Amino acid sequence: MARTLIDRKRTLPGATLPILHDLLEQFGYIDGAAIPLIADALNISRAEALGVLSFYHDFRRSPVDGRVLKLCRAESCQAMGCEELVSHLAVRHGVTVDGLDEGSGIRVESVYCLGNCALSPAALIDGEPIGRLDRDRLDAIVAGAQRTTQ
């Protein structure tokens, strides 16, 4: 399946990113076994393929068990309390932002601008935008994620 996805985009100019996006969409992460396939298809070194994968934070190299919350921590969201939400996650739920998912049912990742500054603090839950995130909404998201993993 990965080879088919790679072959579909291999002739595009700058094909590395579209291929990585397709693999991420299909599998939820980029398996290390895909690196030599990408390198061979694009006639680039494995180091170059791995370098692109490593450079962009949105490309995961392992599967995520549960939901993914991307919490904006740029200036506008900081001014509107995102760092307090980071603390709340740790104290109330034991969830560390940018830490390993430890069975909480949710992985929280920092991002630095979602372009939704008018609705700060902003986030994405499984790719869907959330504006004006507060403790109550955050608690509901974490509780929902924990229910789905039990």
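Up top is the structure these notes are about.
Rules behind the numbers
Residues numbered from 1 in each chain as written. Predicted model: local features only at pLDDT ≥ 70, side-chain atom pairs only at ≥ 80, totals over all residues. Heavy atoms only, no water. Helix = DSSP H or I, 4+ residues; strand = E, 2+ residues; numbered from the N terminus. Buried < 20%, exposed > 50% of the residue type's maximum accessible area, 1.4 Å probe, protein only. Contact = heavy atoms within 4.5 Å. Areas by Shrake-Rupley, 256 points an atom, 1.4 Å probe, with all protein chains shown as cover. Lys, Arg positive; Asp, Glu negative; His and termini not counted. Charge placed at Lys NZ, Arg CZ, Asp CG, Glu CD. Expected span 1.5 Å × (residues − 1). Pairing = 2+ DSSP bridges. Axes fitted to C-alpha atoms, helices over the stretch in contact; angles between N-to-C directions.

K.L.:
How should the overall build of the protein chain be read in this particular structure?
P.N.:
Within the protein chain, the regular secondary structure consists of 7 helices and 4 strands. Each helix and strand of the protein chain, ordered N terminal to C terminal, gives the series α-α-α-α-β-α-α-β-β-β-α. Its C-alpha atoms put the protein chain at 50 × 35 × 20 Å along the principal axes. Looking at the protein chain residue by residue over its 150 residues, the buried ones come to 39%. Nonlocal contacts in the protein chain, meaning residues at least 24 apart in sequence, comprise 56% of its contacts between residues at least 6 apart. Within the structure as shown, the protein chain displays about 8,600 Å² of accessible surface, and the carbon and sulfur contribution to it stands at 51%. Each charge sign in the protein chain was given a centre, from 16 positive and 20 negative side chains, and these centres are 3 Å apart.

K.L.:
When you look at helix H6 (residues 82-93) in this model, what are you seeing that I'm missing?
P.N.:
One full turn of an α-helix is made of 3.6 residues, so residues set three or four places apart face in the same direction. Over its 12 residues, H6 runs 16 Å from end to end, which matches the ideal 16 Å to within 8%, given 1.5 Å per residue. Phi turns positive, to about 70°, at Gly94, one or two residues after H6.

K.L.:
Even after reading the chapter, I still don't get the sheet that holds strand E2 (residues 106-111), so can you show me in this structure?
P.N.:
Backbone hydrogen bonds hold the strands of a sheet together, and the pairing may be parallel or antiparallel. Read from one edge to the other, the open sheet built from 4 strands follows the order E2-E1-E3-E4, with strand pairing classed as mixed. Every other strand in the sheet has two partners, leaving E2 and strand E4 (128-130) as the edge strands with one partner each. Taken pair by pair, the neighbouring strands of this sheet meet at an average axis angle of 25°, ignoring direction. Pairing of strand E3 (residues 123-125) with E4, which is carried by 3 bridges, proceeds in the antiparallel orientation. In the sheet register, Ile125 faces E4, and the bridge partner there is Glu128.

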